[in-house]
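# A closer look at the structure
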Amino acid sequence: MPYQSQSADVVVASTFNWYWLVDGSQAQSFRVCLANTTAIKQSDEPKHHGDESDARHLA
């Protein structure tokens, strides 16, 4: 895993298929946090969000 030495945790959004990513990440010795993205507010301002900005915010 190229970035494992730089990473302490993995955050996974609680989508319908999150379990395979959690299982694989834990098998590689990552600590995994399951995030309820509807409960995490980025800001009150309406703006475009995509996967990259969501990932940065969760990190």
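Remember, predicted model here, so these are calculated numbers, not experimental data.

Time to look at the overall build of the chain. A count of helices and strands for the chain gives 2 helices and 2 strands. Ordered by position from the N terminus, the helices and strands of the chain form the series β-α-β-α. The buried share of the chain, taken over its 59 residues, is 10%. Restricting the contact set of the chain to residue pairs at least 6 apart, pairs at least 24 apart contribute 17%. Summed over all atoms, the accessible surface of the chain reaches about 5,000 Å², with 52% contributed by carbon and sulfur.

Considering all chains together, one arrives at 1 salt bridge under this definition. For D9, the salt bridge goes to R31, with nearest N and O atoms at 2.6 Å. Note that D9 is positioned in strand 1 (residues 9–13) and R31 in strand 2 (residues 31–35), a separation of 22 residues in sequence. Relative accessible area serves as the criterion here: at 35%, D9 is assigned to the partly exposed category.

Attention now goes to the confidence of the model for the chain. In this model, the chain carries a mean pLDDT of 77, and residues with pLDDT of at least 70 account for 76%. Taken element by element, the predicted model of the chain shows its lowest mean pLDDT in helix 2 (residues 51–58) (75) and its highest in helix 1 (residues 19–27) (90).

The subject of this paragraph is the environment of L58. In this fold, L58 is placed in helix 2. Along the backbone, L58 and I40 are 18 residues apart, and their C-alpha atoms lie at a distance of 8.6 Å. Sequence-distant contacts of L58, defined by excluding residues within four places in its chain, comprise V11, A35, T37 and I40.

Calculation notes
- Residues numbered from 1 in each chain as written.
- Predicted model: local features only at pLDDT ≥ 70, side-chain atom pairs only at ≥ 80, totals over all residues.
- Heavy atoms only, no water.
- Helix = DSSP H or I, 4+ residues; strand = E, 2+ residues; numbered from the N terminus.
- Buried < 20%, exposed > 50% of the residue type's maximum accessible area, 1.4 Å probe, protein only.
- Contact = heavy atoms within 4.5 Å.
- Areas by Shrake-Rupley, 256 points an atom, 1.4 Å probe, with all protein chains shown as cover.
- Salt bridge = Lys/Arg side-chain N within 4 Å of Asp/Glu carboxyl O.
- pLDDT = per-residue confidence, 0-100.

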